[in-house]
Amino acid sequence: MKKIIRQITLNAAQTAFENKELNTSEFSSFTIEEPKVASHGDLATNFAMVNAKAQKMAPRKIAEIIIRYIDATDSIIEKTEIAGPGFINFFIRPAAWYPVLENICQQDTEYGFSDIGNGQTVQVEFVSANPTGPLHVGHGRGAIVGDSVASILTACGYDVKREYYINDAGKQIQTLGISVFLRCRELDGQTIDFPEDGYQGDYISDIAKNLCKEKGDWIFNVGEEDAVAFCSKFAADKMIIEIRNVLNTLGIKFDNWYSEQALVDSGKIKSVIEQFKQSNIIYEKDDALWFKTKKFGDEKDRVVVRNNGRTTYFASDIAYHQDKLDRGFDRIIDVWGADHHGYIPRIKASIKASGRDENQFVVILTQLVNLLRKGIPVSMGKRSGQFITLKEVMDEVGRDAVRFIFLTRHYDSPLDFDLEIAKQKTNDNPVYYVQYVHARISSIIKKAADEKGITDITFNDDAVAMLKESEEIQLIKHLARYPETIIASAESMEPHRIAFYLMALAADFHAYYNKHRVLTEDTTLAAGRLYLVKAVQTVIRNGLTLLGVSAPDVM
RNA sequence: GCGCCUGUAGCUCAGCUGGAUAGAGCAACGGACUUCUAAUCCGUAGGUCGGGGGUUCGAAUCCCUCCAGGCGUGCCA
């Protein structure tokens, strides 16, 4: 609808120019939007205001000319008016909205999809938590945002792959192995001296128990180095399985699990370092190798190979991101916790240094999650072992509520997650409010079939023409806004826009439901309303699907 | 010190990328179930958009500055 109004405005302006009523045909970009107040019409444009300067005319004067050139007879426009400083308000004929319903019905699960992505390939890398411990709610936020962004981009015609980068190489894996090995020795009755930087959680002991059962004799008979290496691998594999399981319960599946160890083994890290050395972007100082990140926008240069000869995490990351781009993705999106934000400039630097476009690389930073219970913070220390895992939160709260809560906030703002509120089935917890719409409509449709024998809800001019109530027109207008909401959500990579859209649509529906009965005695009217309500249900379901939330038929 | 993020109703948050009178939910108060699910609806009340400047027809939104909070600032990952 916005597109149509835009075109009508442009046509009018063009004709006005041809008739020498406007001074130039260079029109500045203008917006078509929905006024907040109903009395300002269905749609409004600021065309006259933004063009005042170029036209060297008063805004209201321009608006007046435009309106004169808009053919209001026999079109979708009922009337136009000039308001305020020079807005042009458009009032749309109610009947002009009806085709929206037919669209929804025809496109069904694909209503709201678009092709703005034009088949561009995108990779979304998210979670990528070290396999050294269970996921916590912070990881959950990244997981849900990343997954949802991926879904939304897919719906917009991007070719999207989800990837998890497993940090299964490096020091933290060593520490994991040592921690497990020590617990094994403890189980064996030996006295141990558990290091301060070891992993303290109970899960370490659990893994140790498992390991002892399977390989108890063996690990004490091989050398300590081999034993620790084995423990590392064993524990990391176990953790990955557990992580994968939790993510599965959240409804998240990755296309690719990328191993850092595999990256190391492939020699890519070495070859990238060598390559940058040759082009003089990596240099030697204090027996270490440094990357000239400062030259490419970072605060200072960063070490890639330590003076002990071992590569840093950054070195792996350089190679990893090079590898992603080598795989041909047009855009790579990383979802990180906000505590990693200092890392962005150096990764960008490495991409720039390789002669690529740094804009191909985008980072979504999710702010921290504060876990609360009845308003009281729950401690989240990882090393102390005193933390509530994502799995525990999922078991307590459930997938739909967890996902929806995370997605009703902009990822950019810190989030208080209160376990008690999350469990409540009230409006503090709007996921049920939205799902309830779906269930209610399912119930109506079932009733229509059971009691009235209506099983075929299809478009019918006469029936749809019965939709005259202001709440009905408002609902249809709301439905018409869905596709542009998805596009805006994709462009900004902000899933929360969909969540808010759904809550607003749900509010409109519940209000309508309370005021008007769908299954009326008038069968034509009932058919029209059923058709409308079914469209609402389709949109609710499509939106929830993009957020990874279920759309139940019964609640 | 420097960098990033945040500051909007008592609380939790939106605000469509600069538009008209700043919006929801919760909490408070008053109403609505013989009728398609009351996990719902209707109404009342609640604001110096952290403070101060600037940019322009127009600012919660953009710029500057100050204040407050969070995070970061390793040859850790």
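Structure: see above.
Remember, predicted model here, so these are calculated numbers, not experimental data.

*Asks:* Can you walk me through the sheet that holds strand E13 (residues 369-373) in this structure?
*Replies:* Backbone-to-backbone hydrogen bonds pair the strands of a sheet. The strands run either parallel or antiparallel. Ordered in space as E14-E13-E15, the three strands form an open sheet in which the pairing is mixed. Edge strands, defined here as strands with exactly one partner in the open sheet, are strand E14 (376-377) and strand E15 (415-418). Both E13 and E15 contribute to a ladder of four bridges, which runs parallel. By the bridge assignment, Leu372 is partnered in E15 with Asp418. Sheet contacts for helix H15 (residues 399-407): E13 and E15; angle to E15, the most-contacted strand, approximately 155 degrees.

*Asks:* In this structure, what is going on with helix H13 (residues 344-353)? I would like to understand it.
*Replies:* In an α-helix, one full turn covers 3.6 residues, which means residues spaced three or four apart are oriented alike. Counting buried positions along H13 gives seven out of ten residues, so the element sits mostly inside the fold. Those residues of H13 that fall on the buried side of the exposure criterion are Ile344, Arg346, Ile347, Ala349, Ser350, Ile351 and Ala353. Residues of H13 that are buried make contact with helix H11 (268-278), strand E9 (288-291), strand E10 (302-305), helix H12 (313-326), strand E11 (331-337) and strand E12 (361-366). Positioned one or two residues after H13, Gly355 has a phi angle of 85 degrees, which is positive.

*Asks:* What is the right way to look at the protein's contact with RNA strand B in this model?
*Replies:* Among the 65 residues in the neighbourhood of RNA strand B, the closest are listed as Arg306, His341, Tyr433, Tyr436 and Ser443. Protein-proximal atoms of RNA strand B, defined as those within 4 Å of the protein, fall in sugar or phosphate at a share of 65%. In this structure, a base nitrogen belonging to RNA strand B sits 3.3 Å away from a main-chain N or O atom of Asp286. Between RNA strand B and Asp416, the relevant distance is 3.4 Å, taken from a phosphate oxygen to a main-chain nitrogen or oxygen of the residue. Elements with a minimum of two residues in the surface near RNA strand B: helix H2 (47-50), strand E4 (87-92), helix H7 (171-187), E9, E15, helix H17 (431-452) and helix H21 (496-515). The element contributing the most residues to the surface near RNA strand B is H17, with eight residues. Class assignment for the residues of the surface near RNA strand B results in 27 nonpolar, 20 polar and 18 charged.

Parameters at a glance
- Residues numbered from 1 in each chain as written.
- Chains lettered and ligands numbered in written order.
- Predicted model: local features only at pLDDT ≥ 70, side-chain atom pairs only at ≥ 80, totals over all residues.
- Heavy atoms only, no water.
- Pairing = 2+ DSSP bridges.
- Helix = DSSP H or I, 4+ residues; strand = E, 2+ residues; numbered from the N terminus.
- Contact = heavy atoms within 4.5 Å.
- Axes fitted to C-alpha atoms, helices over the stretch in contact; angles between N-to-C directions.
- Buried < 20%, exposed > 50% of the residue type's maximum accessible area, 1.4 Å probe, protein only.
- Near = heavy atom within 4 Å.
- Polar contact = N/O pair within 3.5 Å; in protein donor to acceptor, adjacent residues only side chain to side chain.
- Nonpolar A, V, L, I, M, F, W, Y, C, P; charged D, E, K, R; others polar.

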